[in-house]
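Structural description and commentary
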Amino acid sequence: MVTARSLLSELKARGVSHVVGLADNSSAALLSLLGNDDSVSFIAVTREGEAFALASGLWIGGKTAVVVVQNTGLLESGDGLRGTAQRMRIPLVCFITYRGYKGKPFRLAKTERGPWTIEDFSRADLDSAALVTEPTLKAWNVPFDFLESDADLAKVARAFSRAERESRPVALLITGDMI
Amino acid sequence: MTRDQLLQPLAELRGRSVVVTCMSITRPWGAYSSSELDFASADSAMGHTADFALGIALAQPQRKVICLNGDGSMLMTLGTLATVTAAGAANLVLFVIQNDTYEITGNQEIPAGGRIDFPMLARGAGFRRVFFFEDPDAYREALPEVLSGDGPVFVAVRVERGSEGPISRSAKERSQYLRVSLARSAHDLRKALAK
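Being a predicted model, the structure only gives us computed values, none of them experimental.

**Focus on the interface of chain B and chain A**
Taken together, the contact between chain B and chain A spans 27 residues of the former and 27 residues of the latter. Mapped by element, the contributors of at least two residues to the side of chain B that touches chain A are α3 (49–59), α5 (79–87) and α8 (182–194) of chain B. Ranked by residue count, the leading element in the side of chain B that touches chain A is α3(B), at 8 residues. Tallied by class, the residues present in the side of chain B that touches chain A amount to 17 nonpolar, 8 polar and 2 charged.

**Concerning the nonpolar core**
Generally speaking, soluble globular proteins have nonpolar side chains that are buried together. If you look at the biggest cluster of nonpolar residues, it comprises 110 residues, and the most contacted ones within it are Ala55(A), Val67(A) and Leu94(B). Look past the residues within four positions of Val67(A) in its chain and what remains in contact with it is Val20(A), Gly21(A), Ala51(A), Phe52(A), Ala55(A), Leu92(A), Cys94(A) and Phe95(A).

**Section: the packing of helix α3 (residues 48–60) of chain A against helix α4 (residues 71–86) of chain A**
Residues and elements named next belong to chain A. The N-to-C vectors of α3 and α4 enclose an angle of 30°; their axes lie 6 Å apart at closest approach. In this view, α3 runs roughly parallel relative to α4, as classed from their interaxial angle. Considering only the axes of α3 and α4, their crossing is right-handed. Between α3 and α4, the residues in contact are Glu48, Gly49, Glu50, Phe52, Ala53, Ala55 and Ser56 and Gly73, Leu74, Glu76, Ser77, Asp79, Gly80, Leu81, Thr84 and Ala85, respectively.

**Regarding the packing of α3(A) against α3(B)**
The geometry of α3(A) relative to α3(B) is characterised by a closest axis approach of 6 Å and an angle of 35° between their N-to-C directions. In terms of crossing hand, the pair formed by α3(A) and α3(B) is right-handed. Contacts from Glu50(A), Ala53(A), Leu54(A), Ala55(A), Ser56(A), Gly57(A), Leu58(A) and Ile60(A) of α3(A) reach α3(B) at Asp51(B), Phe52(B), Ala53(B), Leu54(B), Gly55(B), Ile56(B), Leu58(B) and Ala59(B). Considering only residue class, the contact of α3(A) with α3(B) consists of 11 nonpolar, 3 polar and 2 charged.

**Focus: the environment of Phe146(A)**
Residues and elements named next belong to chain A. Mapped onto the elements of the fold, Phe146 is located in strand β5 (residues 144–147). When the 15 C-beta atoms within 10 Å are taken as the criterion, Phe146 is described as partly exposed. Sequence separation between Phe146 and Gly83 is 63 residues, and the spatial gap between their C-alpha atoms is 25 Å. Sequence-distant contacts of Phe146, defined by excluding residues within four places in its chain, comprise Asp152, Leu173 and Thr175.

How each quantity is defined
- Residues numbered from 1 in each chain as written.
- Chains lettered and ligands numbered in written order.
- Predicted model: local features only at pLDDT ≥ 70, side-chain atom pairs only at ≥ 80, totals over all residues.
- Contact = placed C-beta atoms within 7 Å.
- Helix = DSSP H or I, 4+ residues; strand = E, 2+ residues; numbered from the N terminus.
- Nonpolar A, V, L, I, M, F, W, Y, C, P; charged D, E, K, R; others polar.
- Core = buried A, V, L, I, M, F, W, Y, C linked by C-beta atoms within 7 Å.
- Buried ≥ 20, exposed ≤ 12 C-beta atoms within 10 Å, placed from the backbone.
- Axes fitted to C-alpha atoms, helices over the stretch in contact; angles between N-to-C directions.
- Parallel < 35°, antiparallel > 145°, perpendicular 65-115°, else oblique.
- Left-handed = near helix turned anticlockwise from the far one by under 90°.

Everything listed here is a matter of coordinates, which is why it stays silent on function.
This is the structure we're talking about:
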């Protein structure tokens, strides 16, 4: 698991001034820490699409922002991501909590199967948000990697480097609840 | 009120404020201003102009940020009204230009056009300074007060319908900020704000 304290330290090391997002169970521990931290501001949005527009504006104004949303929120964000951070070529690292990833049927199906079928989307034991998360990022040409535990946190620095170097949004998928 | 009656006084008073325009007001504003601090959010994301402007305002608290949003665009992201007041951007002035239509796609009626009360929505979301204008003389007289003091400020302005077509972002556009890509505009504005 990723620990919120370690991730926050990593964000501070990258010079992050603002976290923009909407709370979910997976990110709750991080947002709780931010509530007691004066060095990184948390900006709460009402819908996740706002987060990408707001973070883009923060970057234009000279700040370093990251987005923290659930994968359901990523799906809601569609045109917010496309029309701001992506089309404006904003170097923006987005942390996306991966609802449904931990489900055993999903992980088995993910490794053994090809494209999802329409029957998969109505299966009670599969979270359909998980089914479309990676295909959506691929379709939008947003590079992504996985944060499964603190051992993966070196990927944060790499994501920032790539976002800056290529002037684009880069996603990090957090596969479990942060503690 | 005509769009000229809305924009001319604003162009005279905006100083070194950032002005973010949206959809059908983009071209008319370009006729009054070619400032490096103008940004056209036209052809961008659906309804995400006010939240984008909020980001600039939070990053540049010493500078006024004026957002000229459309009523159709504001309806797409009404929650942004709450995001703005929660974030407490004292330097943001959010205009909603009410013509009751999606002008840029041919003046189709917006939902509840003519009935929706934007000032009431803004007050309900926590805006303390809320203005509504339909008379051009009253607007011109009050504008210095609107643009001064702490915000966030919400301004609803009833403006006559126009007939602006889609924004092309090409050499065919007369306004400089519509002759370059959205990415170029974004990166140029960042440089201008860093000076």
